[in-house]
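The chain contents come next:
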Amino acid sequence: MQSSNPQEHFVQIPLDIEHRLTTPISLTSDSNQRRNQWVTIIICTILAVTGQCIARLLENYYFLHKNLSRRRGILTQTLLQVVGFPILLLPFLLHFLIKKQKQLLIFSGETSLKHLAITYSILCIYMFCQAFFSDVRNQIPYRVFTLTYTTQLLFTLIFSKYYNDIKFNRWTFISLILAVLAGAFTLYTFSAGSPIYGKKSYGYGIINVAFGAAIFFSLLLCIIRKVFEELISFCNTSTNRKQPSFVVVLEMIIFLSLVVTIILVAAVLISGEHHDMKKEMETFTKGDIAYVRTMVGQAVAWQIYWVGIVGLVFAVSAVFSNVISVCTWPIVSLLVAFLYNTHDHFDVFRGIALGAAALSVSCYIYIIHKEKSDDDDQSTS
């Protein structure tokens, strides 16, 4: 049996399917298992794209109809990205009870615990960067933010190379260049998932926040990948442990979200922002019911997004996960223009952004297909 490095790996979407690091699933003769490889990637991609689109559209809806004279919802908007994790508890607990699992997989091994602690810290910093950006987002044009935040692709490439020891080829760089183009051309389009309102004056400190968010998001994905890799290696060296399944993705999201939710709720209470929520609801131009629906919708959509993004990290890599995240921006831009700005029509910049995004994802899918085909050829030789 041929060994493999921690490069691109597949995992089936069923929660009880095992994932092995030393035995690539592409070497199996089970055609159903090979088909499930692509089903996993497709489902996770759909979840990531759908979740981000809905969350950004509802976020835009919120900023369009909130009382702009009141600077509220700074931490609340950030809290919505993690507070919806209870919807994941049902499938997680059902699997936990059916399989009679006695220990949480992500807490297996000392090395995983060390990187989990780092992951919690990075996610907390990233969320507070998001909170600060929510406070100053009216002071920076969305075009500037988009161009700055696109650098997360570069940071993910660097962190994956040195933290996950992943090898890249020319198709990887082509995919990333196209993804950068997709993000860059999105800056010429109208308010892609961000408030329309903006001031022309802004400081370098605000731009540094965008850079910080990009760095911490990239680092977060790579550390999560590292935790998965070490968990798989730990299970391989243990004779009495089964290989981790896709349920570990839910496990990771639930406990990360739980910790960050507690911290953000405490921050909301300390800052007194919870007193402003009732007033914000009353001044919401579409009414209090629409306000509640918007908040709940965002919380659910963000959890859908996280399942897709972390699922792609587990099934493929942090780089591919980030490519999907960035390539969703042109879709959000088009939907925002269609739903909220009827006088803004499809233009050449949106066409280039969508085309570059499609080509970027296609190139990375070709990489996965080519590596799978090479493994099949080696297994038969």
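What counts as what
- Within each chain, residue numbers correspond to sequence positions counted from 1 in written order.
- The predicted origin of the model limits local features to residues at a pLDDT of at least 70 and limits the giving and counting of side-chain atom pairs to 80 or more, whereas totals for whole chains, interfaces and linings rest on all residues.
- Remark: hydrogens and water are excluded; side-chain values derive from all non-hydrogen atoms of the structure.
- In this description a helix means any DSSP run of H or I spanning at least four residues, a strand means any run of E spanning at least two, and both kinds are numbered starting from the N terminus.
- Note on classification: 1.4 Å probe, protein chains only; a residue is buried when its accessible area is under 20% of the maximum for its type, exposed when over 50%, partly exposed between these limits.
- Contacts are residue-level and defined by heavy atoms, with any inter-residue pair within 4.5 Å sufficient.
- Under the convention used throughout, the expected extent of a helix is 1.5 Å for every residue step, that is, one less than its residue count.
- To define a nonpolar core, start from buried Ala, Val, Leu, Ile, Met, Phe, Trp, Tyr and Cys residues and group those joined through side-chain atoms within 4.5 Å.
- Note on patches: the residues involved have over 30% relative accessible area and no salt bridge, like charges join within 9 Å, and the nonpolar side chains Val, Leu, Ile, Met, Phe, Trp and Tyr join within 5 Å.
- Per-residue and other accessible areas follow the Shrake-Rupley method at a 1.4 Å probe size, with only the shown protein chains counted as cover for residues.
- A carboxyl oxygen of Asp or Glu within 4 Å of a side-chain nitrogen of Lys or Arg is what we treat as a salt bridge.

Enquirer: Could you give an account of the overall build of the chain, with specific residues and numbers?
Expert: Scanning the chain for helices and strands turns up 14 helices and zero strands. Traced from its N-terminal end to its C-terminal end, the chain shows the element sequence α-α-α-α-α-α-α-α-α-α-α-α-α-α. Going through the 381 residues of the chain one by one, you find that 53% of them count as buried. Residue pairs in contact within the chain that sit at least 24 positions apart in sequence constitute 84% of those at least 6 positions apart.

Enquirer: Account for helix 12 (residues 318-327), with residues named and values stated.
Expert: What sets the pattern is the α-helix's 3.6 residues per turn: residues three or four places apart point alike. Counted residue by residue, helix 12 has ten buried out of ten residues, so it is predominantly covered. Those residues of helix 12 that sit buried are Ala 318, Val 319, Phe 320, Ser 321, Asn 322, Val 323, Ile 324, Ser 325, Val 326 and Cys 327.

Enquirer: Could you give an account of helix 11 (residues 288-315), with specific residues and numbers?
Expert: An ideal rise of 1.5 Å per residue puts 40 Å on 28 residues; helix 11 measures up with 41 Å between its terminal C-alpha atoms. Counting buried positions along helix 11 gives 20 out of 28 residues, so the element sits mostly inside the fold.

Enquirer: Provide a residue-level description of the nonpolar core, including the pertinent values.
Expert: Judged by nonpolar contacts, the single largest core of 80 residues is most densely connected at Tyr 126, Met 127, Ile 224, Phe 228, Val 249 and Trp 306. If near-sequence neighbours (up to four positions away) are discounted, Val 249 is found in contact with Phe 228, Val 307, Val 310, Gly 311 and Phe 314. Among the nonpolar cores identified, the runner-up in size contains nine residues, and Tyr 62, Tyr 291, Met 295 and Ala 299 belong to it.

Enquirer: Describe a nonpolar patch on the surface, naming the residues involved and giving the relevant values.
Expert: Residues Ile 87, Val 292, Val 296 and Val 300 make up a contiguous nonpolar surface patch of about 290 Å² in total accessible area. The residue Val 296 is located in helix 11 in this model. Residue classification places Val 296 among the partly exposed positions, given a relative accessible area of 46%.

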